[in-house]
Structures are given as C-alpha cells and as structure tokens.
Amino acid sequence: MDYIFENLLTVLILLPVAGAALTLAYHMVTKQEEQIKWVTLGFTLLNFLVSLVLFSKSAVVGASGFSFEQNVPWIRSINTNYHIGVDGLSFWLVILTTFIMPIAVLSSWNAVEKRKTAFYVFLLLLESAMIGVFVSLDLLVFYLFFEASLVPMFFLIGIWGGDNRIYAAVKFFVFTMFGSLLMLAAIIALYYIYADQTGLGGTFDLTVILTALKNGSLSFSKISQAGTLLFWAFAIAFMIKVPVFPLHTWLPDAHTEAPTAGSVILAAVLLKMGTYGLMRFNFTLFPDQSREFAMVFIILAIIGIIYGALVAMVQPDVKRLVAYSSVAHMGFVILGMFSFTELGMQGALYQMLNHGVTTGALFLLVGFIYERRHTRAITEFGGIANVMPIYATIFIITTMASIGLPFLNGFVGEFLIMVGMFQSQVLAVTATVNWNYVSAMLAGTGVIFAAVYMLWMAQRVFFGKVTNAKNKRLVDLSWREIGLMLPLLALMVYMGVFPKPFLKRSDEVIKSIQARIMQQAGGTIEKTELKPQSPAEGEK
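Next up on the list: the overall build of the protein chain. A count of helical and extended segments in the protein chain gives 24 helices and two strands. Taking 2.2 N^0.38 as the reference for a compact globule, 540 residues should give roughly 24 Å; the C-alpha atoms of the protein chain span a radius of gyration of 23 Å, in line with that estimate. Viewed in the frame of its principal axes, the protein chain has a C-alpha envelope of about 75 × 70 × 45 Å. Of the contacts made within the protein chain by residues no fewer than 6 positions apart, 78% connect residues no fewer than 24 positions apart. Taken as a whole, the protein chain presents about 20,800 Å² of accessible surface, with 65% of it coming from carbon and sulfur. Of the side chains in the protein chain, 34 bear a positive and 30 a negative charge, and the two mean positions are spaced by 6 Å.

Our next topic: the pairing of strand S1 (residues 67–75). Regular strands have side chains that alternate between both faces of the sheet. Pairing between S1 and strand S2 (residues 80–86): six bridges, direction antiparallel. Of the residues in S2, the one forming a bridge with Val 72 is Tyr 82. Linking two consecutive strands that pair antiparallel, namely S1 and S2, is a turn of four residues; a positive phi of about 55° is found at Asn 79 within it.

So, about the confidence of the model for the protein chain. Taken as a whole, the protein chain shows an average pLDDT of 89; of its residues, 94% reach a score of 70 or greater. Low pLDDT, under 50, characterises residues 522–540; the stretch is placed with 33 contacts to residues that sit more than four places away or in other chains.

Angle between the axes and distance between the axes: these two values describe a pair of packed helices. Contact geometry of helix H9 (residues 206–215) with helix H13 (residues 272–285) gives a least axis separation of 10 Å together with a crossing angle of 25°. Of the possible angle classes, the one that applies to H9 and H13 is roughly parallel. Considering how the two elements wind past one another, H9 and H13 form a crossing that is left-handed. Residues Leu 206, Ile 209, Leu 210 and Leu 213 of H9 form the contact with H13, whose own contacting residues are Arg 280, Phe 281, Thr 284 and Leu 285. Taken together, the residues of the contact of H9 with H13 break down into six nonpolar, one polar and one charged.

Let us now look at helix H19 (residues 389–403). If you check H19, its first and last C-alpha atoms are 21 Å apart, about what 15 residues at 1.5 Å a residue would give, namely 21 Å. All of the buried residues along H19 are Tyr 391, Ala 392, Ile 394, Phe 395, Thr 398, Thr 399, Ala 401, Ser 402 and Ile 403. Against helix H16 (318–337), helix H17 (342–373), helix H18 (384–387), helix H20 (409–423), helix H21 (435–462) and helix H22 (479–497) lie the buried residues of H19. Directly after H19, the chain includes Gly 404, whose backbone phi takes a positive value near 90°.

Turning to the pattern of salt bridges, a few remarks are in order. For the structure on display, the rule yields nine salt bridges. For Glu 380, the salt bridge goes to Arg 373, with nearest N and O atoms at 2.9 Å. Residue Arg 480 is joined to Glu 481 by a salt bridge in which the shortest nitrogen-to-oxygen separation is 3.9 Å. Classification of Arg 480 by relative accessible area gives partly exposed; the value is 22%.

Before going further, it helps to examine the environment of Glu 481. Secondary-structure assignment places Glu 481 in helix H22. Between the alpha carbons of Glu 481 and Ser 107 there is a distance of 7.6 Å; along the sequence they are 374 residues apart. Once residues within four sequence positions are removed from consideration, Glu 481 is found in contact with Phe 368, Glu 371 and Arg 372.

The geometry of an aromatic ring pair comes down to the distance between the two centres and the angle between the two planes. Within the structure shown, the criterion is met by 44 aromatic pairs. A ring pair is formed by Phe 142 and Phe 238, whose centres lie 6.1 Å apart and whose planes are at 70°; its orientation type is edge-to-face. Linking Phe 142 in helix H6 (residues 139–148) with Phe 238 in helix H10 (residues 226–241), this pair joins segments that are 96 residues apart in sequence. As far as burial versus exposure is concerned, Phe 142 and Phe 238 are alike and both buried. When the ring centre of Phe 146 is taken as reference, the NZ or CZ atom of Lys 241 above it lies at 4.9 Å. In this structure, Arg 505 is placed above the aromatic ring of Phe 91, and the distance from its NZ or CZ to the ring centre is 4.2 Å.

All right, on to a nonpolar patch on the surface then. Taken together, the side chains of Phe 407, Val 493, Tyr 494, Val 497 and Phe 498 define a hydrophobic patch exposed on the protein surface, amounting to about 440 Å² of accessible area. With respect to the helices and strands, the residue Phe 407 is situated in the loop between H19 and H20. According to the relative accessible area criterion, Phe 407 is exposed, its value standing at 52%.

This part takes up the side chain of Glu 414. Residue placement: Glu 414 occurs in helix H20. Overall, Glu 414 belongs to the buried group, its relative accessible area being 7%. In this structure, Glu 414 is in contact with His 329, Phe 332, Gln 351, Ser 402, Ile 403, Gly 404 and Val 447, ignoring residues within four places of it in sequence.

Right, let's get into unusual backbone geometry. With an omega of -10°, the peptide bond between Val 242 and Pro 243 qualifies as cis. Topologically, Pro 243 is positioned in the loop between H10 and helix H11 (250–257). Across the junction of Phe 245 and Pro 246, the peptide omega takes the value 5°, indicating a cis bond. Despite not being glycine, Phe 68 shows a phi value in the positive range, around 50°. By secondary structure assignment, the location of Phe 68 is in strand S1.

With that out of the way, let us pick up the nonpolar core. Of all hydrophobic cores here, the largest spans 188 residues; its most connected members are Leu 54, Met 337, Tyr 391 and Leu 488. Residue contributions to this core peak at 16 residues, all from H17. Those residues in contact with Leu 54, other than ones at most four positions away along the chain, are Leu 8, Leu 9, Leu 12, Phe 68, Val 86, Phe 91, Val 94, Ile 95 and Arg 505.

It is the contact of helix H4 (residues 88–107) with H13, at a shortest axis distance of 11 Å, that shows an interaxial angle of 165°. As the angle between them shows, H4 and H13 are arranged roughly antiparallel. Between H4 and H13 lies a crossing of left-handed hand. Between H4 and H13, the contacting residues are Leu 89, Ser 90 and Leu 93 on the first element and Lys 272, Tyr 276, Met 279 and Arg 280 on the second. For the contact of H4 with H13, the class distribution of residues is four nonpolar, one polar and two charged.

Checked against the element boundaries, Arg 460 lands in helix H21. Residue class for Arg 460 comes out partly exposed when judged on its relative accessible area of 28%. Residue contacts for Arg 460: discarding those within four places in its chain leaves Ile 378, Phe 381 and Gly 382.

Cut-off values and rules
Position numbers for residues count from 1 along each chain, tracking the sequence in the order it is written. In keeping with the model being predicted, local features are shown solely for residues with a pLDDT of at least 70 and side-chain atom pairs are shown and tallied solely at 80 or more, while totals for entire chains, interfaces and linings include all residues. Processing note: side-chain calculations cover all non-hydrogen atoms of the structure and skip hydrogens and water entirely. Here a strand is any run of E in DSSP of at least two residues, a helix any run of H or I of at least four, and the numbering for each starts at the N terminus. Radius of gyration here uses only the C-alpha atoms, and the compact-globule reference equals 2.2 Å multiplied by the residue count raised to the power 0.38. Contacts are residue-level and defined by heavy atoms, with any inter-residue pair within 4.5 Å sufficient. Calculation of accessible area relied on Shrake-Rupley with a 1.4 Å probe; when residues are assessed, cover is drawn exclusively from the protein chains displayed. The charged-residue count follows a simple rule in which Lys and Arg add positive charge and Asp and Glu add negative charge, with His and chain termini not counted at all. Every charge is mapped onto a representative atom, which is NZ of Lys, CZ of Arg, CG of Asp or CD of Glu. A pair of strands is treated as paired once DSSP finds two or more bridges between them. Confidence scores here are pLDDT values: one per residue, from the predictor, ranging 0 to 100. Axis angles are defined between N-to-C directions and span 0 to 180 degrees, where every axis is a line fitted to C-alpha atoms and, for a helix, only to the segment in contact. Just so you know how the angles are binned, under 35 degrees is roughly parallel, over 145 roughly antiparallel, 65 to 115 roughly perpendicular, and the rest oblique. When the near helix sits turned anticlockwise from the far one by under a right angle, the crossing is termed left-handed; a clockwise turn instead gives a right-handed crossing. We call Asp, Glu, Lys and Arg charged. Ala, Val, Leu, Ile, Met, Phe, Trp, Tyr, Cys and Pro are nonpolar, and the rest, Gly among them, are polar. How far a helix is expected to stretch is found by multiplying one less than its residue total by 1.5 Å. Exposure categories follow from relative accessible area, calculated using a 1.4 Å probe and restricted to protein chains: below 20% of the type maximum is buried, above 50% is exposed, and the middle band is partly exposed. The term salt bridge refers to a side-chain nitrogen of Lys or Arg lying within 4 Å of a carboxyl oxygen of Asp or Glu. We call Phe, Tyr and Trp rings a pair once their centres come within 6.5 Å, taking the six-membered ring for Trp, and we label the pair stacked below 30 degrees between planes, edge-to-face above 60, and tilted otherwise. Note on geometry: a ring has a charge over it if NZ (lysine) or CZ (arginine) is within 6 Å of the ring centre and within 35 degrees of the ring normal. Patch construction takes residues with relative accessible area above 30% that form no salt bridge. Like charges are linked within 9 Å, and nonpolar side chains (Val, Leu, Ile, Met, Phe, Trp, Tyr) are linked within 5 Å. To qualify as a nonpolar core, a set must consist of buried Ala, Val, Leu, Ile, Met, Phe, Trp, Tyr and Cys residues joined through side-chain atoms within 4.5 Å.

Okay, structure coming up:
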C-alpha cells in the first residue's frame, strides 16, 4: 500500500493502460467481445476508487507546492524527467476524469455494435492520456500526453461516429494538431532559451523554469518579442482545445458526430485541457503577456458567450444545440480566468467542473433518446414527458443546472465569474465608463440567452401533446440509465448548495497564480475573501 501511495499518480496513469492490454489479450485468446465491457468498467471503477486516495490528508506537499510528486530522470541526454504532481488546480480535474469514465463506459453499454474491443481499448487509453495531461510537470511529458489524447478520440469519432464522422474526425485532428505543433515549437525554443541564459543546459521542467524566472536568471525581455511569440504559441494550442471563438468550428461537428461516450468525455474533460493549460502554463510562464493581451481574451470570451448562445438558439438538432452551448459556457470560463481576480479565477475553475457535470449529463440524455428514436431533430419530438416522465424530469433538472438556476451548480460558477469581472481592474476605467462592468454585463446577456434556447428546446421536446405516433411507443429510462444519471444529479445539487469544499481545495493555488500575475505588474493583489456573510449566501 505504501508503494501505491508513493506512486499514486503513476498508478492512475498506468491502470487504464493495463486494462487496455488485458482487454486485447482477452479478445485474442477467447475471440469474444461480450465480456469486454465488464473488464473496461471494472478498470475504470478501480481507477476512480484509487483516485480517491488523493483526498488523503497525509499527502506531503513538496517545496514546489505539489503533492504525490514524482521526479525521476527519463531521457538524460536532453535532461527531461518523468515529473508529475498534483495541486489544487489539477486535483479536481483528475477526480473529474476518473469519475466520468465509468459513466462513459456504461453509456455505451448497448450502443456499440461493431469493433467493441477496439472501442473500449481506446476509451481506456484516452483516460490514461487525460490524467497524464493534468499531472505532468515536465513540458515535454505534458506535450506527449496532450498529443496522446488526440489519437483515441480521433478513432472514437472516425469509427463509431455518425454519418459525417470522417469529416468531423479529420477536422478535429487537423485543428488540434496545428495548435499542438505550435506548442511543441515553443517548448523547444524555451528549452534553448533557458540553456543560453542560465548556462546550466536546457530543461523541460516547469518548476525549474519558474524558479529561474522568479530569481531573474531567466528573462524573456532579453530577446525581442520572445515572450510574446512563446505566449501565443502556447495560447493558440489551448484556445483551439477550449475552444475559444473563432477557433471553435471543429467542436459542433465533433460533438454531433461522436458516439455518446465520446461526446461526454469531450465535453467533460478534453475541453478542460485548454483552460487548464492557459492557467498552468500561460499565466505562470508569461504573466506580462497574460496581462497585456487579457483584453483580447475578454473580448473573444464575450463574443463566444453571445455567439454560442444565439447559434444554439436556432439549431434544429438537440445535440448540436448542446454543442454550441459549450462554446458559450467555456466563454464564461475564459472571462473569469482573465479577470485576474480571486473570485473570477475560482469561478472559472469551478465552472470547468460544472460544465463537465451538466453538459456531460446533457449529452448522456441526448444519447438515451437517440438510441430509442435514431433521430435528434427537435421537430420529431413533442409531448415526450407524457410517455417518458422520468427522462423528462431528469432532463429538466439538468437543463436548469445548465442555465444557472440558484441552488444548482451552474449558478455558483457563473455568479463568481460575474462578480470577479465586476471587481476586475484589467480593462480601462474612464470618467464615464468602467469597461470591466460593461464586459460583465455583456456576458450576463449570455445567461439570459441560455435560458431562452434551453427552455425553448425543452418546451418543444417535452411538453404539449404527443404529435408523432412513433413517440407513443417510447420506453422510459432503464435502471442502468437512471443509475448513470443519479451521481451527476447529486453533484449538481451538492455543488450548488455547498461549494466550499471545492473552492477551498483550489484556493491556495489560485492565489499563487494571481500573485504571480499581479506582482509582475508591480501592483497590489486584490483580496477577495470567500467568507460567508450569512449561512444562506456565504457558501455561494
């Protein structure tokens, strides 16, 4: 047990790989595929249970601020290490990944009819890569995991997707690969800049590079425009992954064509790699450039919020509507991050988790109805609540969480982001207008639009009379499907009424990132306490 505790993150990365290997071996020996889903479910559940050890209070936090840290030489000739660790920024994202994977496996229980072995192998390999992304502290190792996550999702969309799956898969691959290559070029450049300025040889270790930046032995200002070019090389890679408007066009196609499990993982975890990368790398390595170009990101975030909502409003396909809602929701995350206030950045991280839970649940629900009717067209439905009351009830609760109803999780994240943007001093303040206020109010229209497109869709799908005879024969949710939704519903409520445990876990690292950005400016760090004023309001 001590060995597992000391090497916990490696175990979390390798368990799914072991599951994939066992799955392949089982298929080669037995030539059967029916039991493979049980093997996959077992490994994903085991990995989730192991990940709960991260909550251990006996975990030692190292000098670099990370717990469960491992740092061993990997490729000595280029001085790259297998360096992994977890802190308040990555903690909940690792838990979210291991939590969502068993749900993704169960969602495909009866939906996958061809090449089952390959399907479940790709799911397990994808889990391994996603965990690796969130715990990597060596830039080269991070890049390898970042790229490794691309391959399984490409095949999941391209083989088990819808009619336009090849187009969607190739588009997803090309967009993401373009950004990844830019990031690789920046990582290599950073390696040689460090070697040249410190005289210690190159390194890919994030903690070593940050130490050099803080003590002044490494400075991008010594090379004309180096910091700006490196910042944008990293930023574009992460903006594509989020995705930020106007780099979002791959997302609706990928979501629409992906199988249900693929859409759930894409929404819940893969998109968070982009926002995580911006906070982990852009904010800490390039604080000057992060401040300098914050206005660009805030403008793009607001456009994304409003544009995503308006386009979602006119979608005839339920799944495509939910896909465009992701563009709007992730715009809120970007807005909170670049407010550079404690509340805004905490709200951004919280909204990442919220989006993973609520939008993942929405894609599950869309998948359930698609399995029954083999269509997602809104006009094909109507009066579904009359024949599927349990399904309708769960869908409406999830819809309310998505649009930010108080006492559900979506409200907390959006509220913190809006308040954080109001408190921000990133944008100009003139005698007549505070552009931070204007930005917050413009983003607030996205909440109104979200209520419009989600409730209008719900009205057309669930209420009124059953107008299509095919819908009269629909069967309500099975116990398996109800069991899939219950943990997600419980989280929506729990995160909506008691967010303190989530916020407390990330409080310290958010403050340190904020300090890194603000102290570089020579300014003061805004102190925004999360202490409750009353039992009812304080936790929010």
